[in-house]
Amino acid sequence: MDVNEFMQKLEHPLKAEVEALRSIIREADPRIAERVKWNAPSYYYKLDMAAFNLRQTKFVQLILIFPKGLIKDASGLLLGDWKDRREARFTNMEEVRAKTPALQKVVREWIKLVEKDQ
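What counts and how
- Residues numbered from 1 in each chain as written.
- Predicted model: local features only at pLDDT ≥ 70, side-chain atom pairs only at ≥ 80, totals over all residues.
- Heavy atoms only, no water.
- Phe/Tyr/Trp six-rings, centres within 6.5 Å; stacked < 30°, edge-to-face > 60°.
- Buried < 20%, exposed > 50% of the residue type's maximum accessible area, 1.4 Å probe, protein only.
- Lys NZ or Arg CZ within 6 Å of the ring centre and 35° of its normal.
- Helix = DSSP H or I, 4+ residues; strand = E, 2+ residues; numbered from the N terminus.
- Expected span 1.5 Å × (residues − 1).
- Salt bridge = Lys/Arg side-chain N within 4 Å of Asp/Glu carboxyl O.
- Bend = angle between axes of the 7 residues up to and from the residue.
- Contact = heavy atoms within 4.5 Å.
- Polar contact = N/O pair within 3.5 Å; in protein donor to acceptor, adjacent residues only side chain to side chain.

## Structural notes on the packing of aromatic side chains
Inference 1: The tally for this structure, following the rule as stated, stands at 1 aromatic pair.
Inference 2: Between tyrosine 43 and phenylalanine 52 the ring centres are 6.1 Å apart and the planes differ by 75°, which places this aromatic pair in the edge-to-face class. Comparing tyrosine 43 with phenylalanine 52, the two get one shared label, buried.
Inference 3: Over the ring of tyrosine 45 we find arginine 31, and its NZ or CZ is 5.1 Å from the ring centre.

Okay, here's the thing in structure tokens:
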């Protein structure tokens, strides 16, 4: 199933925010590909980069995976202290808009990190 088909069938209280975030991530770098993995839209470029956790319904949870090392994020977007991943949370469309520059910066830095090791 492709992601657009998946999203048409998705019932989630923050579906509009998920759709907005999908666009923001893809617009950050045209090399990023999207697929359904872990029963949610997920993103990759050479390696897995991020996936939504759609079981969460009070906010949109985006899990970002950093197999090549963590990215410094002074914006406060990235939460958690796991060895190789962080999460970003979005509770409404206003937060999505406010955090867009930080999310796109993280995505671009992630691409640079992956490219550096190739």
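Alright, that's what it looks like, and here's the rest.
## Digging into helix H2 (residues 15-28)
Inference 1: Its 14 residues place the ends of H2 20 Å apart at the C-alpha level, agreeing with the 20 Å of an ideal helix rising 1.5 Å per residue.
Inference 2: Within H2 the residues assigned to the buried category are Glu17, Val18, Leu21, Arg22, Ile24, Ile25 and Ala28.

## A word on unusual backbone geometry
A negative phi angle is the norm for most residues apart from glycine, just as the trans form is the norm for most peptide bonds.
Inference 1: Located in the positive-phi region is tryptophan 38, a residue other than glycine, with phi close to 60°.
Inference 2: Its identity is not glycine, yet lysine 46 carries a phi of approximately 65°, on the positive side.
Inference 3: The topology assignment puts lysine 46 in the loop between strand S2 (40-45) and strand S3 (47-53).

## Concerning the pattern of salt bridges
Inference 1: Applying the stated criterion to the full structure yields 13 salt bridges.
Inference 2: The salt bridge involving arginine 26 is made with glutamate 34; its shortest N-O contact spans 3.1 Å.
Inference 3: A relative accessible area of 31% means that arginine 26 is categorised as partly exposed.
Inference 4: In this structure, the salt-bridge partner of glutamate 87 is arginine 89, at a minimum N-O distance of 2.8 Å.
Inference 5: What you see here is one network of salt bridges that share partners, running through Glu19, Arg22, Arg26 and Glu34.

## A look at helix H3 (residues 93-116)
Inference 1: Compared with the 34 Å implied by 1.5 Å per residue over 24 residues, the 34 Å span of H3 between its first and last C-alpha is a close match.
Inference 2: The largest bend along H3 measures about 50° and falls at lysine 99, with the proline proline 101 one to four residues further on.
Inference 3: Every buried residue of H3 is listed here: Val96, Thr100, Ala102, Leu103, Gln104, Val106, Val107, Trp110, Ile111, Leu113 and Val114.
Inference 4: Buried residues along H3 sit against H2, S2, S3, strand S4 (60-65) and strand S5 (85-90).
Inference 5: At the N-terminal boundary of H3, the capping side chain belongs to asparagine 92, with an oxygen 3.1 Å from the backbone nitrogen of glutamate 94.

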